[in-house]
Amino acid sequence: MLALVAAGYLLYPVWRAAHPTPPDLTVRYRTDPTPVVAVAKPQLEIINTSKKTVSLNDVTVRYYFTADGGSAYGFDCVDAAVGCSNVSGTIVPMANPTADATDYLELTFAAGAGTLAPGANSKGISLQLFRLDHQNLNQASDRSFNAADTSFKPSKQVTGYLRGALVWGQAPAGDGPAAASPGASAQPSGAPAPKPAVPDGVVFDNFHYSGPTDPALIKHGWRIRTSKGGPGIADTWSAGGVSFPGEPSAQGGQVLQLQAATNGTKEGTTQAEVQSANTPFLTGTYAARIYFADQPTSGTNGDHINESFYTISPDDSLYSELDNEYMPNGGWGSKGPVLDTTTWFSAKAGDRSTQRHNMSLQGWHTIVITAVNGVATYSLDGKDLFSSTGKYYPREAMVVNFNAWFVDLPFTGPRTWDMKVNWFYYNAKQAMSLTDVQKTVTDFYGNGTNYVNTVPKP
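Residues numbered from 1 in each chain as written. Predicted model: local features only at pLDDT ≥ 70, side-chain atom pairs only at ≥ 80, totals over all residues. Heavy atoms only, no water.

## What about the sheet that holds strand β20 (residues 272–276)?
Ordered in space as β17-β20-β29-β22-β23-β24-β25, the seven strands form an open sheet in which the pairing is antiparallel. Each of the sheet's edge strands pairs with one partner strand only, and the pair in question is β17 (222–224) and β25 (351–357). Neighbouring strand axes in the sheet, compared pairwise and without regard to direction, differ in orientation by 15° on average. (Pairing = 2+ DSSP bridges. Helix = DSSP H or I, 4+ residues; strand = E, 2+ residues; numbered from the N terminus. Axes fitted to C-alpha atoms, helices over the stretch in contact; angles between N-to-C directions.)

## Regarding the nonpolar core
If you look at the biggest cluster of nonpolar residues, it comprises 83 residues, and the most contacted ones within it are Leu258, Tyr286, Phe309, Phe402 and Phe424. Residues within four places of Leu258 in sequence aside, it is in contact with Gly241, Val242, Ala272, Glu273, Val274, Phe402, Asn403, Ala404, Trp417, Asp418, Met419 and Val421. (Core = buried A, V, L, I, M, F, W, Y, C linked by side-chain atoms within 4.5 Å. Buried < 20%, exposed > 50% of the residue type's maximum accessible area, 1.4 Å probe, protein only. Contact = heavy atoms within 4.5 Å.)

## Considering the side chain of Gln254
The topology assignment puts Gln254 in the loop between β18 (242–243) and β19 (256–262). Given the relative accessible area of 1%, Gln254 is considered buried. Separated by 3.0 Å, the side chain of Gln254 and the backbone oxygen of Phe244 make a polar contact. Dropping the residues within four chain positions of it, Gln254 is found in contact with Phe130, Leu132, His134, Asn206, Phe207, His208, Tyr209, Phe244, Pro245, Gly246, Glu247 and Asn422. (Polar contact = N/O pair within 3.5 Å; in protein donor to acceptor, adjacent residues only side chain to side chain.)

## With respect to the sheet that holds strand β15 (residues 165–168)
Strand order in the open sheet formed by five strands is β8-β9-β6-β14-β15, and the pairing between neighbours is antiparallel. Each having just a single partner strand, β8 (87–98) and β15 make up the two edges of the open sheet. In this sheet, neighbouring strand axes are inclined to one another by 30° on average, regardless of whether the strands run parallel or antiparallel.

## Looking at unusual backbone geometry
Residues Gly230 and Pro231 are joined by a peptide bond in cis, for which omega reads 5°. Structurally, Pro231 is set in the loop between β17 and β18. With omega at 0°, the peptide bond leading from Gly336 into Pro337 counts as cis. With respect to the helices, strands and loops of the structure, Pro337 is situated in the loop between β23 (321–327) and β24 (338–346). Look at Lys123: it is not a glycine, yet its phi comes out positive at around 65°. Note on Lys123: relative accessible area 54%, which makes it exposed.

## Overview of the pairing of β20
Most of β20 is tucked away, with four of its five residues classed as buried. Bridge count between β17 and β20: three bridges; the pairing is antiparallel. Residue pairing for β20: Arg223 is matched across the bridge by Gln275. Bridge count for β20 against strand β29 (residues 399–406) is four bridges, and the pairing is antiparallel. Residue Gln275 lies in a different strand from β29, and its bridge partner there is Asn401.

## Observations concerning empty space enclosed by the protein
Picture a little ball the size of a water molecule; that probe, rolled over the atoms, points out where space is still empty. Scanning the model with the defined rule gives three cavities of 30 Å³ or more in all. Approximately 80 Å³ is the volume attributed to the largest cavity. Ranked by residue count, the leading element in the lining of the largest cavity is strand β7 (residues 73–80), at three residues. (1 Å grid on protein atoms, 1.4 Å probe; cavity = no way out; pocket = protein on both sides within 12 Å on 5 of 7 lines; lining within 4 Å. Points joined across faces, edges and corners; volume = space filled by probe spheres on them.)

## Details of the state of the cysteines
For the structure on display, the rule yields one disulfide. Disulfide partner of Cys77: Cys84, at an S-S distance of 2.1 Å. Where Cys77 bonds to Cys84 through sulfur, the torsion about that S-S bond is close to -70°, and the disulfide is left-handed. Note on accessibility: Cys77 and Cys84 belong to one class, buried. (Disulfide = S-S within 2.5 Å.)

## Section: the environment of Val452
Examined against the element boundaries, Val452 turns out to sit in strand β31 (residues 451–453). The exposure class assigned to Val452 is buried, which follows from its relative accessible area of 0%. Once residues lying within four places of it in the same chain are set aside, the contact partners of Val452 are Ser85, Val198, Val202, Val203, Phe204 and Phe444.

## Focus: the packing of aromatic side chains
Taken as a whole, this structure holds 21 aromatic pairs when the rule is applied. When the centroid spacing of 5.7 Å and the interplanar angle of 65° are considered together, the rings of Tyr64 and Tyr104 count as edge-to-face. One end of the pair, Tyr64, is in strand β6 (residues 59–65); the other, Tyr104, is in strand β9 (residues 101–109), with 40 residues separating them in the sequence. What makes Tyr64 buried here is its relative accessible area of 0%. Both rings, one in Trp222 and one in Phe402, keep their centres 6.4 Å apart while their planes meet at 45°; by these two values the pair is tilted. Within this pair, whereas Trp222 is found in strand β17, its partner Phe402 is found in strand β29, the two being separated by 180 residues in sequence. The buried category is assigned to Phe402, whose relative accessible area is 0%. (Phe/Tyr/Trp six-rings, centres within 6.5 Å; stacked < 30°, edge-to-face > 60°.)

## A short note on the side chain of Ser144
On the secondary structure map, Ser144 appears in the loop between β12 (137–138) and β13 (153–154). From its side chain, Ser144 meets the backbone oxygen of Gln157 in a polar contact 2.6 Å long.

## Quick word on helix α3 (residues 434–446)
At 3.6 residues per turn, the α-helix brings residues three or four places apart onto the same side. Its 13 residues give α3 an end-to-end C-alpha distance of 18 Å, which sits within 8% of 18 Å, the value for a rise of 1.5 Å per residue. All of the buried residues in α3 are Val437, Val441, Phe444 and Tyr445. The buried side chains of α3 occupy one side of the element, clustering within an arc of 100° when seen end-on. In α3, the exposed residues that point more than 90 degrees away from the buried face are Thr435, Lys439 and Gly446. In the core, the buried residues of α3 are packed alongside β16 (202–205), β21 (284–292), β30 (415–427) and β31. Just past α3, the residue Gly448 takes up positive phi, approximately 80°. (Expected span 1.5 Å × (residues − 1). Arc of directions from axis to C-beta.)

## Considerations on the confidence of the model for the chain
Of all residues in the chain, 90% attain a pLDDT of 70 or more, and the chain-wide mean is 91. Long-range and interchain partners of residues 176–187, a stretch whose pLDDT sits below 50, account for 18 contacts in this model, where long-range means more than four residues apart. (pLDDT = per-residue confidence, 0-100.)

Rendered as structure tokens:
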């Protein structure tokens, strides 16, 4: 009998070696096969291969790459079954870079991403990785890139962590998770804390997109105007004026840039506009950090340029508009620099409540509009400028617009004007001060959140 027991113990190591305990998580990966591209497009799936339910809020995934050309990199989430609003990404330079990994894209998940039951799959998380100088990148030497994986396959070159413990993949040398004290919930080295849940009625976007044709831009509810009509020089709206360059002076290092350009003729003029779609904006708090220009980026100064941030309803039945228009050189007979703040009741009748502010806005400023309890208030850098009440208050859902356009063309010769938007924030539930808005936005940046939209769809 003892001999049989001993034999059993001797056999167990052999059996265990042939039947290893499955990992708690499996990360599967696929991509486009071309190594030299403008935008890398890794897609990931997380599978719960344990016997316990796993909260995605406890999961961290790292995708390793080599940064090319000394450029800073950006990331966005194009699509995810768990919702891109629940996916955050941080690009981290490695403390101990290797030949195939100088940086990694670290993904974390908000509580809203939910849980994975045993055997469940997060389904596809479609990502984009790009250089902020918008030059091509070469993935051939990237640790996590595999041109052969054009369909989802397990990849040990992408690592997965559960509550800080490495449970999937092979991390580069010297890049393991931070050690944790016994009983503590460790985080991977340098990782942020788990993302908190975002309340309903919030939109945030810091415009980390690869370019005007980025599919994430459309999926996140933005449209670049190319249609005809006004304002400004009619029928000159162009996608060519919209870009997303790196910007060292911006929070997070990237902006939406709206460029208006002209040679003084209608045929040589382009104007730029980005507008929201599919989100019903109404009351609450609107905020944006904007770079206003008092001089052209190139060419002679003197244009009656209009740099605008406003909300507007799509029809005139219950017309609503909350309007900020900055004109550094004035327009319509007024001298600049001037900021007009206006709440509209009827565009057809020209019925509005407005106040003009003679001031220069050269540089970065944060505009906040609150519309709560029948009062619409416009503020600049925390200072209230103007309030409207009564019928001058939003009555129906609106879209958000950023645009740069010419009131007229007073002279000939080439010139360009650049307006920049660092971020946009909206809270449908409450009026917020600049301090509260900035804290919320800084928290988003701090945990790697580029985009959130929890406003219920109509």
